Amino acid sequence: QAGTPAREARSGLAGCSADSQQLHPRFEELAQRYLHLLVTWKPLLVLADVEVADVAAADDVTPFGNASCQHLAEHLAQRGLPCLTTCTALEGEVAGMRDDPDFLQEYLESCGLKEGQEGDPKLRPWISCAAELTRRIPPLLNLLTYYTAGDKEARAWMCPRVRRDGSSLAFELTPRTSLAPVSVGKAGGPKGTPGKGDDEGVPAALAARAIHTGFESRVKGLELWRFQDLDELGPSDASGAKERAKIAGKARKLPAMGVVQESDVVEFALK
């Protein structure tokens, strides 16, 4: 029920009916006027932070972490909430050692760990959760990620998931399973309702603000590729994947308010 006013969605909680929890009358009065507009359900990610000793103590039989975090993960799984077990102290130390692989290896060995499966069999394999945590952050903040890619660099940009009128799109609790083409649509339906395609992504001019706030008024159009299409084409010495996607008819040109979706690769045309 992400995006639903929390007060209205309360009855959706397990074992909680609409009238099963009556609060103080004054709070109920305030809630009807204000809180139902301000407080909404949002996706959650629980981070079970364990000590380095608990990470090193685990083996192929003992699950990662300790009994407390395992109990927490089971409790949350029953309620449909994700739980990521990690050691933030270890992650912080490792992040500062990536430029020195030898020193990083020595540090992990001092903790009884090794990165990956290779190496001393007495050491427990360890995989950083930093990438997984980074992947989960944008949905928690209701952000859309798109990419720009040129000859020298490729970059990811995150922008708020909003409609052309500035109103926020509903939070996405589950990953998008299909990326069908989206029609540009009109600016809005009757009485201010969203236009066709408004709930499928972010208008390009608004997405461009992630690169520079001045781009919103300068975007006159864009060229767009689906990340999956480029990934399927793969690298080539002859030409880039974007150029080959154009030849294959998998690139699209859209106006300034064309919709950018999750993981799209774009090139903005500026005035």
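## Looking at the packing of aromatic side chains
- By the definition in use, this model includes two aromatic pairs.
- Taken together, a centroid distance of 6.0 Å and an interplanar angle of 85 degrees make the contact between Y146 and F268 edge-to-face. Residue Y146 is found in strand 5 (residues 143-149), and its partner F268 is found in strand 11 (residues 265-270); the two are separated by 122 residues along the sequence.
- The exposure class of F268 is buried, given its relative accessible area of 18%.
- Measuring from ring centre to ring centre gives 5.7 Å for Y147 and F227, while their planes differ by 35 degrees; the resulting arrangement is tilted. In this pair, Y147 is assigned in strand 5 and F227 in helix 9 (residues 227-233), connecting sequence segments 80 residues apart.

## Here we look at the nonpolar core
- Judged by nonpolar contacts, the single largest core of 20 residues is most densely connected at Y146, V202, V219, L222, V260, V266 and F268.
- Of all elements in the fold, only strand 5, strand 6 (154-160), helix 8 (204-207), strand 8 (219-225) and strand 11 reach the threshold of two or more residues within this core.
- The biggest single contributor to this core is helix 8, with four residues.
- The contact partners of F268, leaving out residues within four places of it in the chain, are Y146, A204, A208, I211, V219, G221 and L222.

## Digging into the layout of surface pockets
- Here the second largest pocket defines a volume of roughly 360 Å³.
- In terms of lining, the second largest pocket is formed by 15 residues, of which the most central are A149, G150, A154, L230 and K242.
- Among the secondary structure elements, those contributing two or more residues to the lining of the second largest pocket are strand 5, strand 6, helix 9, helix 10 (241-247) and strand 11.
- Its residues assigned to classes, the lining of the second largest pocket comprises seven nonpolar, three polar and five charged.

## Points about the packing of helix 5 (residues 88-95) against helix 6 (residues 101-110)
- In contact at an axis separation of 10 Å, helix 5 and helix 6 are set at 160 degrees when each is read in the N-to-C sense. With respect to helix 6, the element helix 5 is oriented roughly antiparallel. Once helix 5 is placed against helix 6, the crossing between them reads as right-handed. For the pair helix 5 and helix 6, the contacting residues are L90, E93 and V94 in the first and L104, Y107 and L108 in the second.
- Residue classes in the contact of helix 5 with helix 6 are distributed as five nonpolar, no polar and one charged.

## What to know about the state of the cysteines
- The tally for this structure, following the rule as stated, stands at zero disulfides.
- For C69, which is in no disulfide, the shortest distance to another cysteine sulfur is to C83 and amounts to 7.1 Å.
- The cysteine C129 is free of any disulfide, with C87 supplying the nearest cysteine sulfur at 9.9 Å.

## Topic: helix 6
- If you check which residues of helix 6 are buried, you get L104, Y107 and L108. For helix 6, the buried positions fall inside an angular range of 95 degrees around the axis, keeping them on one side. In helix 6, the exposed positions angled more than 90 degrees off the buried face are occupied by D102, E106 and S110.
- As for helix 6, its buried residues are in contact with helix 5, strand 3 (113-115) and strand 4 (124-126).
- Count one or two residues on from helix 6 and you reach G112, which has phi positive near 80 degrees.

## A short note on the environment of L206
- Relative to the helices and strands, L206 resides in helix 8.
- Along the chain, L206 and V259 lie 53 residues apart, while their C-alpha atoms are 9.7 Å from each other.
- Setting aside its immediate chain neighbours within four residues, L206 contacts V162, R163, R164 and E216.

Thresholds, definitions, all that
- Residues numbered from 1 in each chain as written.
- Predicted model: local features only at pLDDT ≥ 70, side-chain atom pairs only at ≥ 80, totals over all residues.
- Heavy atoms only, no water.
- Phe/Tyr/Trp six-rings, centres within 6.5 Å; stacked < 30°, edge-to-face > 60°.
- Helix = DSSP H or I, 4+ residues; strand = E, 2+ residues; numbered from the N terminus.
- Buried < 20%, exposed > 50% of the residue type's maximum accessible area, 1.4 Å probe, protein only.
- Core = buried A, V, L, I, M, F, W, Y, C linked by side-chain atoms within 4.5 Å.
- Contact = heavy atoms within 4.5 Å.
- 1 Å grid on protein atoms, 1.4 Å probe; cavity = no way out; pocket = protein on both sides within 12 Å on 5 of 7 lines; lining within 4 Å.
- Points joined across faces, edges and corners; volume = space filled by probe spheres on them.
- Nonpolar A, V, L, I, M, F, W, Y, C, P; charged D, E, K, R; others polar.
- Axes fitted to C-alpha atoms, helices over the stretch in contact; angles between N-to-C directions.
- Parallel < 35°, antiparallel > 145°, perpendicular 65-115°, else oblique.
- Left-handed = near helix turned anticlockwise from the far one by under 90°.
- Disulfide = S-S within 2.5 Å.
- Arc of directions from axis to C-beta.

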